[in-house]
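# Topology and contacts: notes
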Amino acid sequence: MNAQRTGGDTAMLFRCLTLFAVIVAGAGIAAAQEPPPEAPPPADQPGLPHDLPIATVTGRIIDAAGKPVAGATVGIEDATETVKTDRNGKFQISVPMGSTLVVEKPGFDPALANVSATKLDDVVMLAAGTNTETIEISGEAPAASPGAAVLDRTELQRIPGTGNDVVRALTAMPGVVNLQIPLGYSGVVIRGSSPQDSKVLVDDFEVPVLFHNIGFRALLPAEAVQSLDYIPGGFDVQYGRASSGIVALETRPGADQRTTQGEISLIDGGVLGQGTLGERTKYMIGFRRSTIDLVLPSLIPASADLSLTTVPSYYDGQLRIDHELSAKWRLYLSSLGTNDVFELYATKDEDAKTKRFYNNTRFIRLTLGAQYHEGPWSAKLAVSGLAQQFVFEAGTLQRVDVRLSTMTPRAEITRTAERWAGLSNVVWRIGAEASIGRSTVDIALPLEKREGEPMKAFDPKDTSTRFHGSFWVPDFAGWTALTANLDPQIRATVGLRSDVFARIGEVALEPRGELQIKLPAALTARLSAGAYRRPPEFQSENLTTNAGSEHSAQVIAGLQYEPREGMRVQTSAYATDRSHLLTHNLDGSLNNNGHGTTTGAELLATYRGGPWFTWLSYSYSHSTRVDAPGAERRLFDFDQPHSLNAAVSWKHGRWQLGGRFQLYSGLPITPPVGAVFDSDRNLYLPLYGKVNSERAPMHNQLDIRIDYSWKWGPTEMTVFADVQNVYMNESVVTYFYSYDYTQRQAFKSLPIIPSLGLRGVL
Amino acid sequence: MAIAAVAAATSLPACIGDLDPAWQLDHDRIIAVRATPPGIVAGDRSTIDALLGAKGGKTSVAVPELAQVVSPASLSDTLSFDSGAWVVTAPSEDRLAAARAELKLAADAPVPLQVGVAYANQTLVATKTIALGVAEANPPLVNVMLDGKPAGASELVVGKLVNVPLSIDADDALYDVAWLTSCGTMHDFDLPTAHITVEADDPDAGELAVVLRDARAGVAWHVWPIHAE
């Protein structure tokens, strides 16, 4: 078997397949858009004191932790009519100016708010047993950290150019490295580090991949997502095992009314149902299957030396059941699973096993949780199991088969108090988590490529990394945090997390804290700092017990400005010091000798009001590292200095129109400067110049989106056109090289990607 | 959707279409370096040459302009330029034993002598291994079939736009096969059974070559003229 051809063309082949899949994904992403929730209608007004002027006022109810309280009852004293808060905790009610609103919900003490303006400050409900208090916090609840942002499902679906997909929506976030085509990566890259440095959580528990192998599609549809928390740094002590950022997805609880919806496109099709089972149980169940496998074979040119024996395909499924056991207890069951598979021969001869490539990635996560709330106490208890398998086979010699089963019990208890030790509005949390994993690994592969190492020549006979065996990966964590107002304008959080990575015998202490200072003129300043660890678990890192965790220390300063309801401008500047970075020794073993820094600044301005949804984000980042003592400082592989996203969406009647402009830097490239021909292996061994000394050019594009909704009998129909890169700007993503590295060819972004979708909700 | 489908259909060949493929003989390159024989015992000699490709020209077999022992350095004196050829002379058993100790090899293991060679004013460089302490021979080209007929030395004449089968008797799990051409488009060039098609825009004449490598650094090749009509 010829190594040059197999390596060069196979690498190209996978890239092309990815490119191809992105095109097709763009071609047929079905609309999964639900009309944004309307604000609760104004209540009728019997019993209102008629001597006061009536006004329609809006506001929001949040809990002590700043999270929206949905389903709370809002009314004026002595009135019979009330309204309920929506899932964002928001309400709208017509009441006399000067009256007092009473807010009630089981598990909370009633809260009071004086109606002194048409837009009320957020009303904070404290857990039952503590005194009612109205806290002056203007505008929306604070984000999880300086620079963090939250998107709910309807917002995810309003950003043009994202095709309703969670992964693509993430690229609009400041600090997320925008990869036009994610060649070989399955995670999100935040603030210029590496994909493995950030974690993706679904319902509080980690999932191994964020998107499917083909199509750059998230592993769960936006319709199954309730909200997306994006925390690029400075995250809370409840999160661990990451040295950069967190993306936390919450699955969608079922709706009060039974609905069924279906969607079909060129990339996939699915159904999602939700509703109630009795008075106390809600459910959501979804299933999706790729349709790309039906389309792909017909699009491969007959002249291509390629045989897709198992066309790239995937399945994913989502389930969530919420049950109100009592006024104090709520139970939930959440499950998520996915299965991706493909098999191809880089020839039309399917007997040529040396040219076979096979991949199967699958996992299922099942979480059973309980939430308790009584008086000042609340608790979240959950146990989650994960079973995952990754199989890759290349030719007859190279393979990897990793099976991992993990059981993770987790508990967090919260105690609130109005006052304690001279502090006010006190929230104390304590939690623990144990992750007990069992890995079975069978590997025969070349030495893996690590961050900064240029692509090696692909030798299908190279199996220099070999491992066959099973081992336990027990990790434990405990954390506690105290949040309180030092005075009415200053709120502080101090916390400590401890991780025990038992396989490598490492105990980590990670102090974290944050300070929020309310300034005049609707400004809030925030300062966050903390220590973070990422255990060695990426690629083959956990095949050895000699590798330690990677460390980071983050400092973030932010300023938040909320001049009016729905408008928020937040800026942040950050510095991250990274140490103990894992790098290769000359013999291929791992050490923790690397260190690096990332500095940057971000801006996010959003406005949600009336028919408008606007989004402006910009990030500047500079991310460098040193791989060994005395080595030259270099850029991270994902260093992206500039990234700008400007989006606007306008909804009127049945129409919704939107546009998004993107401008971002290309990624660094390590150029080959020559090659030596290994005649025995028939393989060219590249010689590279300085690591990441070139950079792909800057890319810009405009995306537009048009939605139209109508009623078709009992079915709500939506059709949309989402066109990416409308002025067809092709820019270089990276370069492909000839087998002997004497020629290179630009791999360009796609000139235009039109998408059409149709969805019906019954 | 239609636009995207067309884009998708055209993207795949576009990815791999503009770089010289590995089977292209019309390219300045070292195609294979040969040691004859590839394995020698103490006192025996092996000579080094290579099959070269040239942009716009024919292939040639040439002696390296420059050669040097890359590893192990202690055996650098085993390579010499003698009578217009680069020659490796296997050292004594004592020196081979010392080299095995240096390289941490088993007592009876062959000592791999890695030689670097250079051509075209050192713009083309390659490495080649000669096994010292064991007698090895280059593999034979067995049962080579061109267009369904046993290969001879004469020119291969093929029709345009016709799939012409090529085959050699070799197990692709044990041998590395490479079919190369400067006339036509090669398919499955790295399999024992390949085929060539001279497309409308391909040159009408050129060369066809097969190179066979075994796992013991042995190599053999043959080159035929090819003409399309």
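Not measured: the values here are computed from a predicted model.

## Some thoughts on the overall build of chain B
- If you tally the helices and strands in chain B, you get 2 helices and 18 strands.
- Viewed in the frame of its principal axes, chain B has a C-alpha envelope of about 70 × 45 × 35 Å.
- Residues classed as buried in chain B amount to 48% of the 229 residues present.
- Residue pairs at least 24 apart in sequence account for 60% of intrachain contacts in chain B once pairs closer than 6 positions are excluded.
- Counting every atom, chain B has about 9800 Å² of accessible surface; 56% of that belongs to carbon and sulfur.
- In chain B, which carries 13 positive and 29 negative side-chain charges, the distance between the mean positions of the two groups comes to 5 Å.

## Notes on the pattern of salt bridges
- One pass over the structure, following the stated rule, counts 53 salt bridges over all chains.
- Measuring nitrogen to oxygen at the nearest pair gives 2.9 Å for the salt bridge that ties D707 of chain A to R705 of chain A. With respect to burial, D707 of chain A and R705 of chain A carry one shared label: buried.
- A salt bridge links D49 of chain B to R34 of chain B; its shortest N-O distance comes to 2.9 Å. Of the two residues, D49 of chain B is situated in strand β3 (residues 45-53) and R34 of chain B in strand β1 (residues 29-36); the sequence distance between them amounts to 15 residues.

## Some thoughts on the sheet that holds strand β1 (residues 54-63) of chain A
Residues and elements named next belong to chain A.
- Read across the open sheet, the 3 strands follow the order β4-β1-β7; overall the sheet is mixed. What marks the edges here is a single partner per strand, and that holds for β4 (90-96) and β7 (123-125). For this sheet, the mean angle separating the axes of adjacent strands, direction not counted, is 40 degrees.
- Two strands pair when backbone bridges link them, and β1 and β4 are joined in this way by 7 bridges, in the antiparallel orientation. Looking at β4, one finds that T56 is bridged to S94.

## Concerning the pairing of strand β9 (residues 199-202) of chain A
Residues and elements named next belong to chain A.
- Side chains K199 and L201 of β9 all project onto a buried face; the interleaved residues V200 and V202 project onto the opposite face, where all are buried too.
- As judged from the 4 bridges shared by β9 and strand β12 (residues 246-251), these two strands associate in the parallel manner. Residue pairing across strands places K199 opposite I246, the latter belonging to β12.
- Relative to strand β10 (residues 205-206), β9 is paired through 2 bridges, and the arrangement is antiparallel. What sits directly across from L201, in β10, is E206.
- A loop of 2 residues connects β9 with β10, the two strands running antiparallel in sequence, and D203 in this loop sits at a positive phi of about 50 degrees.

## A short note on the environment of T338 of chain A
All names here are of chain A.
- Note that T338 resides in strand β17 (residues 329-345).
- The exposure class assigned to T338 is buried, which follows from its relative accessible area of 8%.
- Between the C-alpha atoms of T338 and P672, which are 334 residues apart in sequence, the distance is 38 Å.
- Within the local environment of T338, its side chain forms a polar contact with the side chain of H212, the two groups lying 3.3 Å apart.
- Side chain to side chain, T338 and D340 meet in a polar contact 3.2 Å long.

## Some remarks on unusual backbone geometry
- Note that the residue after T36 of chain B, namely P37 of chain B, is joined by a cis bond; omega there is -5 degrees.
- If you trace the backbone, P37 of chain B turns up in the loop between β1 and β2 (39-40).
- Residue P72 of chain B is bonded to the preceding S71 of chain B through a cis peptide linkage, with omega at -10 degrees.
- Its location among the elements puts P72 of chain B in the loop between β5 (66-71) and β6 (79-82).
- Phi at N425 of chain A takes a positive value of approximately 50 degrees, unusual for a residue other than glycine.
- Within the secondary structure, N425 of chain A sits in strand β21 (residues 423-445).
- Judged by relative accessible area, N425 of chain A falls into the buried class, the value being 5%.
- A positive phi angle, close to 55 degrees, is found at H580 of chain A, a residue other than glycine.
- Mapped onto the elements, H580 of chain A comes out in strand β27 (residues 567-584).
- Take H580 of chain A: its relative accessible area is 36%, and that puts it in the partly exposed class.

## Things to note about the confidence of the model for chain A
- For chain A, mean pLDDT is 83; residues scoring 70 or higher make up 86% of the total.
- Scored below 50 in pLDDT, residues 129-141 of chain A shows 46 contacts in the model against residues more than four places distant or in partner chains.

## Section: the environment of I264 of chain A
- Here I264 of chain A lies in strand β13 (residues 259-264).
- Owing to a relative accessible area of 58%, I264 of chain A belongs among the exposed residues under this scheme.

Parameters at a glance
Just so you know, the residues in each chain are numbered from 1, in the order the chain's sequence is written. Here chains are named by letter from A upward and ligands by number from 1 upward, in the order in which they appear as written. Reporting in this predicted model follows two pLDDT cut-offs: at least 70 for local features of residues, and 80 or more for side-chain atom pairs to be given and counted; totals over whole chains, interfaces and linings ignore these cut-offs and use all residues. Heavy atoms throughout the structure, all of them, feed into the side-chain values; hydrogens and water do not. By the criteria applied, helices consist of DSSP H or I runs no shorter than four residues and strands consist of E runs no shorter than two, each listed in order from the N terminus. Burial status follows relative accessibility: with a 1.4 Å probe on protein chains alone, a residue under 20% of its type maximum counts as buried, one over 50% as exposed, and anything between as partly exposed. Residue contacts are counted whenever heavy atoms from the two residues lie within 4.5 Å of one another. Surface accessibility follows the Shrake-Rupley procedure with a 1.4 Å probe radius. Residue values consider only the protein chains on display as shielding. We count Lys and Arg on the positive side and Asp and Glu on the negative side, and we leave His and both chain ends out. In this description, the location of a charge corresponds to atom NZ of lysine, CZ of arginine, CG of aspartate or CD of glutamate. For salt bridges, the criterion is a side-chain nitrogen of Lys or Arg within 4 Å of an Asp or Glu carboxyl oxygen. Strands are labelled as partners when DSSP assigns at least two bridges between them. Note on definitions: angles span 0 to 180 degrees between N-to-C directions of axes, and those axes are lines fitted to C-alpha atoms, for helices only across the stretch in contact. Under this definition, polar contacts are N or O atom pairs within 3.5 Å; protein pairs additionally need one hydrogen-donor-capable and one acceptor-capable atom, and for neighbouring residues in sequence, both atoms have to be side-chain atoms. As a per-residue measure, pLDDT tells how confident the predictor is, with possible values from 0 to 100.

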